[in-house]
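Coordinate analysis (summary)
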Amino acid sequence: MGYWQENLECMSIDELRTLQNERLRETVERVYKNVKYEQDKMKELGVEPGDIKTYEDLYKLPLLTKQDLRDTYPYGLFAVPMDEVIRLHASSGTTGKQVVAGYTQNDIGIWGDCCARALTAAGATKSDFMHVSYGYGLFTGGFGVHHGAEKIGMTIIPVSTGNTQRQVNIIKDFGSTYICCTPSYALFIAETMKEMGVTKDDIGLKAGLFGAEPWTEEMRREIEDKLGCKALDIYGLTEIMGPGVSFECTEQSGMHINEDHFIVETIDPDTGKVLPEGEQGELVFTCITKDAFPLLRYRTRDIGVLKREKCSCGRTLVKMLKPMGRSDDMLIIRGVNVFPSQIESVLLNLGNTNPHYQIIVDRVNNTDTLDINVEISADMFSDVVSSLETQEKKIAGQVLSTLGISAKIHLVEPKTIPRSEGKAVRVIDKRKLH
Ligand code: DLL
């Protein structure tokens with residue numbers, strides 16, 4: 001597989017650090033000058049741009065959180081005059097105000113390059129057909145991948161979300177060879193294909209770039225098996241750029257972070273202290289090439305692990321392992337920390353359930369309850385009806401032995417759990433409503 005920008009994706013660590021330091025100094029200067037809010041925060045800590053000489057000085061800068069974005073809503077952290085901003089995107093967020101991101105022409109160009117790297121790493125060339133099922137609109141998914149595919153010169157099919165039967169027909173008739181959507185939607189497409197009598201041999205997908213939500217290795221295997229293509233991970237967030245902050249190569253062992261554009265740190269989510277590279281912690285990104293919205297030390301809430309090692313693909317960019325979830329998605333159930341992705345692993349490892357499940361947490365008589373609704377696969381459904389209870393007990397046993405908490409399992413009929421065209425809703429925490 002080739003590279004999109006070999007000189008940048010494969011540079012030596014010394015070259016990388018030199019480039020990062022230069023870009024960091026320039027960005028900090030510019031942000032200090034143009035963003036009053038950041039200047040005030042730095043002054044409060046007694047830090048001046050001159051104190052930030054290398055990436056090792058980053059820890060001196062204040063951390064930014066979603067609250068800072070809310071406090072400056074909508075444009076308070078923009079570093080250019082609005083007439084240079086040619087695009088706005090936003091993420092809805094479940095609580096509070098949405099996050100608004102702005103882009104200059106140059107920012108859009110860099111975004112395209114980052115996504116073109118991801119697509120090229122997946123083997124895409126200008127002869128390929130790019131089926132984009134991420135939403136186009138304020139969500140960054142559709143446009144981000146689109147810009148990347150356009151740079152490469154792929155034949156783009158900007159389907160956006162919705163009307164899944166039509167999506168299947170398009171994949172088949174238009175000859176889509178690459179697809180981008182959330183991993184949960186990929187499985188919904190696979191399910192719809194089956195209902196329509198379309199097999200993986202009737203379509204010509206080579207690979208898909210799936211992201212925007214956490215997903216497990218087990219889910220990867222399901223998608224690869226059902227769609228007959230390689231399933232690669234792509235990560236990003238509106239605040240930093242959108243998709244393409246990091247991407248997987250065909251080694252499928254973590255996502256290369258575009259470090260010439262973003263410096264990554266991991267911090268202890270409780271104390272904010274920087275952790276040594278390789279330790280699990282909250283990912284923090286600093287943008288070093290963005291004009292319009294260059295966040296410095298933005299706390300993502302995503303829990304990840306960095307791996308700096310020689311990758312067989314030849315890229316030297318540090319890799320982040322699949323984020324296991326967000327610290328604010330972590331459930332604390334009877335004192336035990338649980339990520340929905342851990343439950344997903346247990347369920348899919350059992351083999352006879354579908355990757356469609358919903359976790360319901362509640363509090364009854366001051367005790368947390370955990371219920372998991374999980375669909376049993378259509379083929380198994382008729383076989384095991386008589387022994388549903390045995391199956392439920394078996395799954396509960398696995399959950400208990402793997403996660404250390406007891407759960408009530410409810411096996412439900414195929415297609416009874418709501419499907420999503422975007423990010424799947426995996427958890428209903430009723431405790432928050434009380
Ligand atoms: O989800 C951007 C995106 C679009 C990424 C398409 C990949 C593909 P937001 O809506 O702002 O942006 O949500 C960002 O989604 O902080 C993570 O918690 C989660 N997330 C994104 N990609 C992944 C992934 C887009 N590959 C938030 N694995 C992030 C796990 C992911 N979580």
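Quick caveat: nothing in here was measured; it's all calculated off a predicted structure.

1. Brief notes about the overall build of the protein
- Across its full length, the protein holds 12 helices and 21 strands.
- The C-alpha atoms of the protein give a radius of gyration of 22 Å, which matches the 22 Å a tight globule of 434 residues would have.
- Across the 434 residues in the protein, those meeting the buried criterion constitute 56%.
- A sequence separation of at least 24 residues applies to 66% of the contacts in the protein between residues at least 6 apart.
- Accessible surface computed for the protein: about 18300 Å², of which carbon and sulfur atoms make up 50%.
- Averaging the positions of the 50 positive and the 62 negative side-chain charges in the protein gives two centres separated by 1 Å.

2. Focus on the site of the ligand
- The environment of the ligand is formed by 21 residues, the closest being Asp 233, Ile 234, Thr 238, Asp 302 and Lys 423.
- At 3.3 Å, a backbone N or O of Glu 213 approaches a nitrogen atom of the ligand.
- At a separation of 2.9 Å, an oxygen atom of the ligand approaches a polar side-chain atom of Arg 326.
- Computed on the free molecule, the ligand has an accessible area of 610 Å², of which 93% lies beneath the protein chains in the complex.

3. Some remarks on the environment of Pro 269
- Here Pro 269 lies in the loop between β10 (262-267) and β11 (281-287).
- Spatially, the C-alpha atom of Pro 269 lies 5.6 Å from that of Glu 282, the residues being 13 residues apart in sequence.
- Those residues in contact with Pro 269 that lie beyond four places of it in its chain are Glu 282, Arg 299 and Ile 303.

4. Focus: unusual backbone geometry
- Omega for the bond connecting Tyr 73 with Pro 74 falls within 30 degrees of zero, at -5°, which places this linkage in the cis form.
- Considering the arrangement of structural elements, one finds Pro 74 in the loop between α4 (66-71) and β1 (87-91).
- Although it is not a glycine, Ser 160 adopts a positive phi angle of roughly 65°.
- Position of Ser 160 relative to the elements: it lies in the loop between β4 (155-157) and α7 (164-175).
- By relative accessible area, which is 16% here, Ser 160 ends up buried.
- The phi torsion at Arg 334 lies on the positive side, around 45°, for a residue other than glycine.
- Relative to the elements of secondary structure, Arg 334 occurs in the loop between β16 (331-333) and β17 (336-338).

5. A few points about the sheet that holds strand β12 (residues 298-304)
- Taken in spatial order, the four strands make up an open sheet running β10-β11-β12-β15, and their pairing is antiparallel. The open sheet has two edge strands, β10 and β15 (325-326), and neither has a second partner.
- As defined by bridge partners, β11 adjoins β12 across four bridges and the pair is classed as antiparallel. If you follow Glu 282 over to β12, its bridge partner there is Ile 303.

6. Quick look at the pairing of strand β19 (residues 367-376)
- Along β19, eight of the 10 residues are buried, which leaves the element largely enclosed by surrounding structure.
- One ladder, built from nine bridges, connects strand β18 (residues 353-364) with β19; its direction is antiparallel. From the neighbouring strand, Tyr 357 faces β19, where its bridge partner is Val 374.
- Between β18 and β19, which pair antiparallel in sequence order, lie two residues; one of them, Asn 365, sits at a positive phi of approximately 50°.

7. Focus: the domain arrangement of the protein
- Taken domain by domain, the protein consists of domain 1 (1-326) and domain 2 (331-432).
- The centre of domain 1, based on its C-alpha atoms, is set 30 Å off from the matching centre of domain 2.
- Contact with domain 1, which involves 25 residues of that partner, is made by 20 residues of domain 2.
- Carbon and sulfur atoms supply 55% of the area that domain 1 and domain 2 bury against each other, a total of about 1800 Å² over both sides.
- Sorting the residues of domain 1 by area buried against domain 2 places Glu 191, Glu 218 and Met 324 first, and these three jointly supply 27% of that buried surface.
- Applying the counting criterion to the domain 1 and domain 2 interface returns two salt bridges.
- Between Glu 195 and Lys 415 there is a salt bridge, with its nearest N and O atoms 3.3 Å apart.
- Taken together, the connections running from domain 1 to domain 2 amount to nine residue pairs in polar contact (both at pLDDT 80 or more).

8. Observations concerning the nonpolar core
- Leu 61, Tyr 235, Ile 240, Phe 262, Phe 285 and Met 320 are the most contacted members of the largest nonpolar core, which totals 48 residues.
- For this core, the secondary-structure elements that each account for two or more residues are α2 (13-34), β2 (99-103), α5 (105-121), β7 (230-237), β9 (255-257), β10 and β11.
- The leading source of residues in this core is α5, at five residues.
- Not counting chain neighbours up to four residues away, the residues in contact with Phe 262 comprise Gln 20, Cys 114, Ile 240, Met 241, Val 245, Ile 257, Phe 285, Thr 286, Cys 287, Ile 288 and Lys 290.
- In terms of nonpolar packing, the next biggest core, distinct from the first, is built from 24 residues, Ala 116, Leu 119, Ile 156 and Cys 249 among them.

9. Considering a nonpolar patch on the surface
- A surface patch of nonpolar side chains, amounting to about 240 Å² of accessible area, comprises Tyr 75, Met 82 and Leu 88.
- One can find Leu 88 in strand β1.
- Residue classification places Leu 88 among the partly exposed positions, given a relative accessible area of 30%.

About the cut-offs
Residues numbered from 1 in each chain as written. Predicted model: local features only at pLDDT ≥ 70, side-chain atom pairs only at ≥ 80, totals over all residues. Heavy atoms only, no water. Helix = DSSP H or I, 4+ residues; strand = E, 2+ residues; numbered from the N terminus. Rg over C-alpha atoms; globule rule 2.2 N^0.38 Å. Buried < 20%, exposed > 50% of the residue type's maximum accessible area, 1.4 Å probe, protein only. Contact = heavy atoms within 4.5 Å. Areas by Shrake-Rupley, 256 points an atom, 1.4 Å probe, with all protein chains shown as cover. Lys, Arg positive; Asp, Glu negative; His and termini not counted. Charge placed at Lys NZ, Arg CZ, Asp CG, Glu CD. Near = heavy atom within 4 Å. Polar contact = N/O pair within 3.5 Å; in protein donor to acceptor, adjacent residues only side chain to side chain. Pairing = 2+ DSSP bridges. Domains from an automatic or database assignment. Buried area = accessible area lost by both parts, 1.4 Å probe. Salt bridge = Lys/Arg side-chain N within 4 Å of Asp/Glu carboxyl O. Core = buried A, V, L, I, M, F, W, Y, C linked by side-chain atoms within 4.5 Å. Patch = residues over 30% accessible without salt bridge, like charges linked within 9 Å, V, L, I, M, F, W, Y side chains within 5 Å.

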